[in-house]
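# Remarks on the overall topology
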Amino acid sequence: MSTKRKIQEDVDVLEKEVNQNEIVLFNDDVNTFDFVIDCLIEICDHTAEQAEQCALLVHYKGKCAVKTGEYNELKPRCTQLLTRGLSAEII
């Protein structure tokens, strides 16, 4: 009789652990929808549709995560939003 031998290889998978953060944009009574939409398109690389949806969520829900990524990538974007008078923070 022939014996079949099953060889199993253990493979270690190295995963780079990346901490994902979000820029959260908060509602305010100062900035217009058009201004917020333009900022999201320019700063967060949103499409017009994405930016409009986020602006509506911010308006009706009070806040919305507008960009996800590594902290070092989000920091300058958040700073630009703040510089333009929007309320945002990285969480």
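Residues numbered from 1 in each chain as written. Predicted model: local features only at pLDDT ≥ 70, side-chain atom pairs only at ≥ 80, totals over all residues. Heavy atoms only, no water.

## With respect to the environment of proline 76
- Along the chain, proline 76 falls in helix H3 (residues 71-83).
- Taking the C-alpha atoms as reference, proline 76 lies 9.2 Å from isoleucine 43; in sequence the two are 33 residues apart. (Helix = DSSP H or I, 4+ residues; strand = E, 2+ residues; numbered from the N terminus.)

## Examining the sheet that holds strand S2 (residues 63-69)
- Strand order across the open sheet formed by three strands is S2-S1-S3, with antiparallel pairing between neighbours. Each edge of the sheet is formed by a strand with only one pairing partner; in this case those strands are S2 and strand S3 (87-90). The average angle at which neighbouring strand axes cross in this sheet is 20 degrees, direction not considered.
- Across six bridges, the pairing between strand S1 (residues 21-26) and S2 is antiparallel. (Pairing = 2+ DSSP bridges. Axes fitted to C-alpha atoms, helices over the stretch in contact; angles between N-to-C directions.)

## Structural notes on unusual backbone geometry
- Positive phi, normally seen in glycine, also occurs at aspartate 45, with a value near 60 degrees.
- Following the sequence through the fold, aspartate 45 ends up in the loop between helix H1 (33-44) and helix H2 (48-61).

## Some remarks on H2
- Over its 14 residues, H2 runs 20 Å from end to end, which matches the ideal 20 Å to within 8%, given 1.5 Å per residue.
- Here H2 has its buried residues at Ala51, Cys54, Ala55 and Val58. Buried residues of H2, viewed axially, fall in a sector of 100 degrees; they line one side. Among the exposed residues of H2, those oriented more than 90 degrees off its buried face are Glu49, Tyr60 and Lys61.
- Residues of H2 that are buried sit in contact with S1, H1 and S2. (Expected span 1.5 Å × (residues − 1). Buried < 20%, exposed > 50% of the residue type's maximum accessible area, 1.4 Å probe, protein only. Arc of directions from axis to C-beta. Contact = heavy atoms within 4.5 Å.)

## Examining the pattern of salt bridges
- In total, this model carries three salt bridges according to the counting rule given.
- A salt bridge links glutamate 42 to arginine 84; the nearest nitrogen and oxygen atoms lie 2.8 Å apart. With glutamate 42 in helix H1 and arginine 84 in the loop between H3 and S3, this residue pair connects regions lying 42 residues apart in the sequence.
- On the basis of relative accessibility, which here comes to 31%, the residue arginine 84 falls in the partly exposed class.
- With its nearest N and O atoms 4.0 Å apart, the salt bridge here joins glutamate 73 to arginine 77. Here glutamate 73 pairs with arginine 77, and both are found in helix H3, just four residues apart, close to one helical turn. (Salt bridge = Lys/Arg side-chain N within 4 Å of Asp/Glu carboxyl O.)

## Topic: the nonpolar core
- In this structure, Ile23, Leu25, Leu40, Val66 and Leu81 are the most contacted members of the largest nonpolar core, which totals 19 residues.
- Those elements giving two or more residues to this core turn out to be S1, H1, H2, S2 and H3.
- In terms of residues, this core owes the most to one element, H1, which gives six residues.
- Setting aside its immediate chain neighbours within four residues, leucine 40 contacts Leu25, Asp45, His46, Ala51, Cys54, Ala55 and Val66. (Core = buried A, V, L, I, M, F, W, Y, C linked by side-chain atoms within 4.5 Å.)

Any functional reading would require information beyond the geometric quantities listed.
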